[in-house]
Amino acid sequence: LAKTTQPISMDSYEGQEVNITCSHNNIATNDYITWYQQFPSQGPRFIIQGYKTKVTNEVASLFIPADRKSSTLSLPRVSLSDTAVYYCLVGVYNFNKFYFGSGTKLNVKP
Amino acid sequence: DAMVIQNPRYQVTQFGKPVTLSCSQTLNHNVMYWYQQKSSQAPKLLFHYYDKDFNNEADTPDNFQSRRPNTSFCFLDIRSPGLGDAAMYLCATSPQTSGRKTDTQYFGPGTRLTVL
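Being a predicted model, the structure only gives us computed values, none of them experimental.

Some thoughts on the sheet that holds strand β6 (residues 61–64) of chain A
All names here are of chain A.
At step 1: On the basis of which strands lie adjacent, the open sheet formed by four strands has the order β2-β7-β6-β5 and antiparallel pairing. The sheet is open, and its two borders are formed by β2 (18–23) and β5 (53–56), each paired with just one other strand. With direction set aside, neighbouring strand axes in the sheet form an average angle of 15 degrees.

Printed below as a string of structure tokens:
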């Protein structure tokens, strides 16, 4: 059963835009896609959530194609403090469960 | 500020000695979750409560138990900790009023458990 997959790590420089994609082939029809940020030795923190198309808030944008089998978290103009692990979380169709993605470790360099 | 609190932040126990981790919330959310997170891995759901209804994940070992005496508090009991149970344990809450499985979750800071 394919759950969610994300790149293991990404490198970026301060001021750049970063896009992190999560694949979720078996997403539940009525469930949202949620992204979390986690710093070392802290609990995950909510970033953004969406169902389809595009959602934007003060820290990020979330792009979801029509088939909803993937989603892309976009972080505009990253800074060193954005160095963290980013997880997507989706509900899985027909299993009444949800799963965190494996997480993407973002390393922002000066 | 409304929040999720976990105590203690660091817990050391001996192999086989029962240990209890606690979580409290001031958000008045009806759902509470317990996760286990090992180094460089995603959080793994152990179980959750929807109000008083307990939902155990199929692959959660019997060694892990939980209690929720009221809306605000939830406890994780590890009856006989093994070396493989050393991890960060995260508590989270969710309002989950819509019936969706992915309502926003609010996490506590976690308790790091060391087993000697």
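Some points on unusual backbone geometry
At step 1: A cis amide bond links B:N7 with the next residue in sequence, B:P8, at an omega value of -10 degrees.
At step 2: As for its placement among the helices and strands, B:P8 is situated in the loop between β1 (4–7) and β2 (10–13).
At step 3: With a phi angle near 50 degrees, A:R77 is a residue other than glycine that sits in the positive phi range.
At step 4: With respect to the helices and strands, A:R77 occurs in the loop between β7 (70–75) and β8 (84–92).

Notes on the pairing of β7(A)
All names here are of chain A.
At step 1: By the criterion of burial, β7 is predominantly enclosed, with five of the six residues buried.
At step 2: Note that β2 and β7 share six bridges and pair antiparallel. Directly across from S23, in β7, lies its bridge partner S70.
At step 3: Bridge count for β6 against β7 is three bridges, and the pairing is antiparallel. Residue F63 lies in a different strand from β7, and its bridge partner there is T72.

A word on the sheet that holds strand β3 (residues 19–25) of chain B
All names here are of chain B.
At step 1: Here four strands make up an open sheet; going across it, the order is β1-β3-β8-β7 and the pairing antiparallel. Whereas interior strands pair on both sides, the edge strands pair on one side only; in this sheet they are β1 and β7 (64–67). Shown here is a sheet whose adjacent strand axes are inclined to one another by a mean of 20 degrees, direction ignored.
At step 2: Inspection of the sheet shows β1 paired to β3 by four bridges, in the antiparallel sense. The residue bridging N7 from the neighbouring strand is S22, located in β3.

What counts and how
- Here the residue numbers are simple positions, counted from 1 along each chain's written sequence.
- Following the order in which they are written, the chains are lettered starting with A and the ligands numbered starting with 1.
- Selection of residues for local features in this predicted model requires a pLDDT of at least 70, selection of side-chain atom pairs for listing and counting requires 80 or more, and totals for whole chains, interfaces and linings are taken over all residues.
- Side-chain metrics rest on all non-hydrogen atoms present in the structure, leaving aside hydrogens and water.
- In this description, strands pair whenever DSSP reports at least two bridges between them.
- Put simply, DSSP H or I for four residues or longer makes a helix, DSSP E for two residues or longer makes a strand, and each gets a number counted from the N terminus.
- Axes here refer to lines fitted to C-alpha atoms; in helices the fit is confined to the stretch in contact. Angles between the N-to-C directions go from 0 to 180 degrees.
- Only protein chains enter the accessibility calculation, which uses a 1.4 Å probe. A residue is then buried if its area is under 20% of the maximum for its type, exposed if over 50%, and partly exposed in between.

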